[in-house]
Amino acid sequence: QVQLVESGGGLVQPGGSLRLSCAASRSIFSIKIMGWYRQAPGKERELVATITTGGVKNSADSVKGRFTISRDIAKNTVYLQMNNLKPEDKAVYYCNAQLTDSVTYWGQGTQVTVSS
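Remember, it's a predicted structure, so these values are computed and weren't measured experimentally.

Engineer: I would appreciate a short explanation of the sheet that holds strand S3 (residues 18-24) in the present structure.
Structural biologist: Hydrogen bonds along the backbone pair up the strands of a sheet, which may run parallel or antiparallel. Read across the open sheet, the four strands follow the order S1-S3-S8-S7; overall the sheet is antiparallel. Edge strands, defined here as strands with exactly one partner in the open sheet, are strand S1 (4-7) and strand S7 (67-72). On average, adjacent strands in this sheet sit at an angle of 15 degrees to one another, irrespective of strand direction.

Engineer: Please clarify how unusual backbone geometry should be interpreted in this entry.
Structural biologist: For residues that are not glycine, phi is negative in most cases, and the peptide bond is trans in most cases. Although it is not a glycine, Asn76 adopts a positive phi angle of roughly 55 degrees. With respect to the helices and strands, the residue Asn76 is situated in the loop between S7 and strand S8 (77-82). Even without being glycine, Asn84 reaches a positive phi, approximately 50 degrees. In this fold, Asn84 is placed in the loop between S8 and strand S9 (91-98).

What counts, and at which threshold
- Residues numbered from 1 in each chain as written.
- Predicted model: local features only at pLDDT ≥ 70, side-chain atom pairs only at ≥ 80, totals over all residues.
- Heavy atoms only, no water.
- Pairing = 2+ DSSP bridges.
- Helix = DSSP H or I, 4+ residues; strand = E, 2+ residues; numbered from the N terminus.
- Axes fitted to C-alpha atoms, helices over the stretch in contact; angles between N-to-C directions.

What follows is the structure, given as structure tokens:
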């Protein structure tokens, strides 16, 4: 089992930056995949970026070149650096830990609002 706590959300102007953090209650080194997802009002939750236990990264086309996922294994923390934010990036961002193909955990979410 793992608890996930997100932080770092807030209000930012278009073109601005935010860094989200996801602190895990156990070592993230052995977690199969850590990731960030987001859900905008009236829309389904969608994948933003993931990182595997081997360090392989993946991200959605809509955020490529703007968002970067990273991790600090010593701190059991995964980050999402978001640059050049756009109004369409507004959503609740969730941290996800996939332990196996059938076991996954979610954080409580952090709100990101992009508005002038």
